[in-house]
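Take a look at the letters that make up each chain.
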Amino acid sequence: MRILPKHLLNAWVERLRIDHRVVAPRESHGQYIFDEITSADELVLDYHSSVLPPKKYFLPPREDLFTFNAKTMEMSPVIEEIEPTVIMALHTCDLHAIQLLDRIQGTGHVDQHYQARRRKTALVSIECMQPCMDQAFCKSLGTLSVPEQFDVHLTDLGDRYAVDVGSDAGEALIRGMGFFWKPSDTDYDRFNEVMAGKWPNFDYRLDCDVTDLPNLLGASHDSTLWDEIGERCLSCGQCTKVCPTCYCFDVVDEIDLKLEKGKRVRVWDSCLLEKFAVVAGGHDFRNSRANRLRHRFMRKGKYQLEAYGLLGCVGCGRCALSCPAHITPIATLNTLNERRQASPGESA
Amino acid sequence: MTTLLRETLDHSSIYMPTPARIVAVEQFTELEKWFHLELPSGFTIAHQPGQFVEVSVLGIGEAPISICSSPARSNGAFELCVRRVGKLTEALHRLEPGSMIGVRGPFGHGFPIDRFQGKDIVFVAGGLGLAPLRSLITEVLDERGKYGRVALLYGARTPNDFLFPADLKAWAERGDIECHVTVDRPTDGWDGHVGVITTLLPKIDFPARNTIATVVGPPVMYKFVLQDLLAKGIAEGNIWLSFERQMKCGVGKCGHCQMHHIYTCQTGPVLSYAEVKDLEEALS
Ligand SMILES: Cc1cc2nc3c(=O)[nH]c(=O)nc-3n(C[C@H](O)[C@H](O)[C@H](O)COP(=O)(O)OP(=O)(O)OC[C@H]3O[C@@H](n4cnc5c(N)ncnc54)[C@H](O)[C@@H]3O)c2cc1C
Ligand code: SF4
Ligand code: SF4
Ligand code: FES
């Protein structure tokens, strides 16, 4: 642990800005968005939640994969070489989400487009002291503290930050900078006090234990709840857009009017949209809103865990906030749990 | 020096295809064409029967297509059988010999042919399902001595819809593979079997314990074929099916092909019934 006095925070950020693009939460129309900052004064560390998660810096909503000439068959990959970037003030839930994205994009065939951006980006996270919104359930999902992988993590101790370094990339943001002090015994005491004090500020929102989630969902495949919330769902895909762990995409070709030069582009897609799983002949493996919603929930609480060893939901609450039909993970999962308890052994 | 086609994925971008030349095209039916392709010199496709490639027409798009030629005979050349159903396949059907397309792959897992040795094998093909199975059948027939009894059950909509007629004829003539074909709807002059593919199953009397079944066809076919194969006593782990799903990437990233926790493009498309029987949505 090291100590960063608060009055040196801006100096540190300005120092980082010399050789990095610095991205941080910024207020915009009463909400917060991650954006590049042009001065350390713009930095906000205590924000509630951002509209879009930081995944947009690794998987942009729209991205060129390669350019081509359809006549000559020449093709060249578009791997964006970004400048070294620091994303500041990530909440730990978003950090957990990036850990999942890293695992997915790095499993099997490594996605070079993701990798090129990710390699050049260091993450500075911050310990949450208060719930950021009603719908967050990070404590229930175990994402209320840093995951195994992190770069630099800050904990607010009042007039100073406790600074933890978790990687070489993190160390490079700190080393030789002169802003960081060695902690004293009182700093350690204060740190322990703050960490113990924050815990009761958060509630367990999920009625079952997180380790029981895959079982709950497994037992709820035929639940009538899917039809009930399916009735309300508009298939708008808003929930997947704002989700820090959603990464599905569609691929489209664009070509000029001479049908010569073009590019292949990927764009965010959503398993909530109609036609996402349709195959030739028109067979649709998830042909109703209820089926598609169920798939999304299964993915979040069961499938991703089975495939990648990490839950597909980090409890950030963004989907709940953005859903025009007020479908929320907490209400959905707790209702499934209630119904399971009401009729144990049977399908909920 | 030969380069495996799949190695190109790791060089630059996993989404960038390699150009391949169409060397010949044959029309099987109104909807289906057979493409003979050639990779640039020095490249080889090195696939397992049942694997697929992502085929591109630049400016139009990409789609997964099974390799229908045998691995042993592939080298830099390989074959695809393509049904015209939408954007990419229509564009492909308009191309003449000499045209270039893009290919990526081969992807996923094909049939675990090593585990078939010494076993009796029943190939069950519905319609276009014959394309991926042809790769396997050719491989098995080329090394005929390694396997027990071998049979093909093949169903098409009408007698005009048969694919690979020359192969069907050659196989029927070999005598070391039982061939049974059926049509849903006969046309004038058809004196063969009529009925859905399951009506051919009683013709096979292989001892169930030593039998492998490989099944490829439209989604609706699987439930009924499975019922009958299981009723015959064929072990769940000896029934191999190829799963069709929407696939946009082939590399486990786009999410479209997800079936339960499995990315069909990676873990599949060929999976055993034992692996999928408890997965919701796999066989619905
Ligand atoms: C592992 C695997 C192997 C395959 N092997 C072969 C093969 O060997 N030969 C072969 O011919 N095919 C094969 N296919 C199927 C082939 O990939 C599909 O037919 C593919 O969709 C064709 O692409 P397309 O662009 O021509 O069609 P698309 O334009 O994608 O349309 C194809 C069909 O999808 C449906 N569809 C797509 N989008 C919509 C929409 N917005 N609304 C409604 N319906 C829609 C329609 O039913 C349409 O007929 C395989 C598929 C898989 C997964
Ligand atoms: S599913 Fe909802 S709560 Fe969970 S990570 Fe995604 S947006 Fe956040
Ligand atoms: S945001 Fe709500 S209404 Fe829209 S697709 Fe998601 S669950 Fe359905
Ligand atoms: S086709 Fe994209 S994940 Fe399987």
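Per an unreviewed UniProt entry, chain B is named Oxidoreductase FAD/NAD(P)-binding domain protein, and its organism is Allochromatium vinosum.

Chain A carries the name Hydrogenase in an unreviewed UniProt entry, which gives Allochromatium vinosum as its organism.

Colleague: Before we move on, could you go through the overall build of chain B and cite the residues and values that matter?
Modeller: Regarding its fold elements, chain B presents 6 helices and 17 strands. Taken over the C-alpha trace, chain B has a radius of gyration of 18 Å; the compact-globule value for 284 residues is 19 Å, and the two agree within 12%. When its C-alpha atoms are laid out on the principal axes, chain B stretches across 50 × 45 × 35 Å. Scored against the burial criterion, the 284 residues of chain B give a buried share of 59%. Taking as baseline every contact in chain B between residues at least 6 positions apart, the subset at least 24 positions apart corresponds to 71%. Of note, chain B has its 27 positive side-chain charges centred 1 Å away from the centre of its 32 negative side-chain charges.

Colleague: Lay out helix H4 (residues 165-174) of chain B with the relevant residues and their values.
Modeller: Residue and element names in this part refer to chain B. Within H4, burial applies to Asp167, Leu168 and Trp171. Projection of H4 onto a plane perpendicular to its axis shows the buried side chains occupying an angular sector of 100°, all on one side. Turned more than 90 degrees from where H4 packs its buried face, Ala166, Lys169 and Glu173 sit exposed. Tucked inside the fold, the buried residues of H4 contact helix H3 (130-142), strand E10 (150-156) and strand E11 (178-183). Backbone geometry just after H4 places Gly175 at a positive phi near 85°.

Colleague: An account of the domain arrangement of chain A is requested, with residue identities and associated values reported.
Modeller: All names here are of chain A. Partitioning chain A into domains gives domain 1 (2-197) and domain 2 (210-250 + 270-342). Between the C-alpha centres of domain 1 and domain 2 there is a distance of 27 Å. Interface area for domain 1 against domain 2, summed over the two sides, is near 2200 Å², with a carbon-plus-sulfur share of 69%. Where domain 1 packs against domain 2, one counts 1 salt bridge.

Colleague: Explain the sheet that holds strand E8 (residues 100-107) of chain B to me, using residue names and the numbers behind them.
Modeller: Residue and element names in this part refer to chain B. Strands sit in the order E6-E5-E8-E2-E3-E7 across an open sheet of 6 strands; the sheet is antiparallel. What marks the edges here is a single partner per strand, and that holds for strand E6 (61-66) and strand E7 (77-83). Strand-to-strand, the axes of this sheet are offset by a mean angle of 40°, without reference to chain direction. Pairing of strand E2 (residues 18-27) with E8, which is carried by 4 bridges, proceeds in the antiparallel orientation. Bridged to Ala20 within E8 is Ile101.

Colleague: Explain unusual backbone geometry to me, using residue names and the numbers behind them.
Modeller: Residue and element names in this part refer to chain B. Here the amide bond leading from Gly105 into Pro106 is cis, since omega sits at -10°, within 30 degrees of zero. Within the fold, Pro106 resides in strand E8. In this structure, Pro269 follows Gly268 across a cis peptide bond, with omega equal to 5°. With a phi angle near 55°, His260 is a residue other than glycine that sits in the positive phi range. Turning to its location among the elements, His260 is positioned in the loop between strand E15 (258-259) and strand E16 (262-263). Relative accessible area serves as the criterion here: at 3%, His260 is assigned to the buried category.

Colleague: Describe the interface of chain B and chain A, and please don't skip the residues or the numbers.
Modeller: With 42 residues of chain B at the interface, the matching set in chain A holds 48 residues. When chain B packs against chain A, the two sides together hide about 3800 Å² of surface, and 57% of this comes from carbon and sulfur. If you look at where chain B meets chain A, you find 3 salt bridges. A salt bridge links Glu62 of chain B to Arg264 of chain A; the shortest N-O distance between them is 3.5 Å. Joining chain B to chain A, the criterion identifies 30 residue pairs in polar contact (both at pLDDT 80 or more).

Colleague: Run through the domain arrangement of chain B, naming residues and quoting values.
Modeller: Residue and element names in this part refer to chain B. What the domain assignment lists for chain B is domain 1 (18-107) and domain 2 (113-242). Distance between the C-alpha centres of domain 1 and domain 2: 24 Å. Each partner contributes to the interface: domain 1 provides 18 residues, whereas domain 2 provides 16 residues. Carbon and sulfur atoms supply 59% of the area buried between domain 1 and domain 2, which totals about 1400 Å² over both sides. Linking domain 1 to domain 2 there are 1 salt bridge. Counting every contact that joins domain 1 to domain 2 gives 5 residue pairs in polar contact (both at pLDDT 80 or more). The leading source of residues in the side of domain 1 that touches domain 2 is E7, at 3 residues.

Thresholds, definitions, all that
- Residues numbered from 1 in each chain as written.
- Chains lettered and ligands numbered in written order.
- Predicted model: local features only at pLDDT ≥ 70, side-chain atom pairs only at ≥ 80, totals over all residues.
- Heavy atoms only, no water.
- Helix = DSSP H or I, 4+ residues; strand = E, 2+ residues; numbered from the N terminus.
- Rg over C-alpha atoms; globule rule 2.2 N^0.38 Å.
- Buried < 20%, exposed > 50% of the residue type's maximum accessible area, 1.4 Å probe, protein only.
- Contact = heavy atoms within 4.5 Å.
- Lys, Arg positive; Asp, Glu negative; His and termini not counted.
- Charge placed at Lys NZ, Arg CZ, Asp CG, Glu CD.
- Arc of directions from axis to C-beta.
- Domains from an automatic or database assignment.
- Buried area = accessible area lost by both parts, 1.4 Å probe.
- Salt bridge = Lys/Arg side-chain N within 4 Å of Asp/Glu carboxyl O.
- Pairing = 2+ DSSP bridges.
- Axes fitted to C-alpha atoms, helices over the stretch in contact; angles between N-to-C directions.
- Polar contact = N/O pair within 3.5 Å; in protein donor to acceptor, adjacent residues only side chain to side chain.

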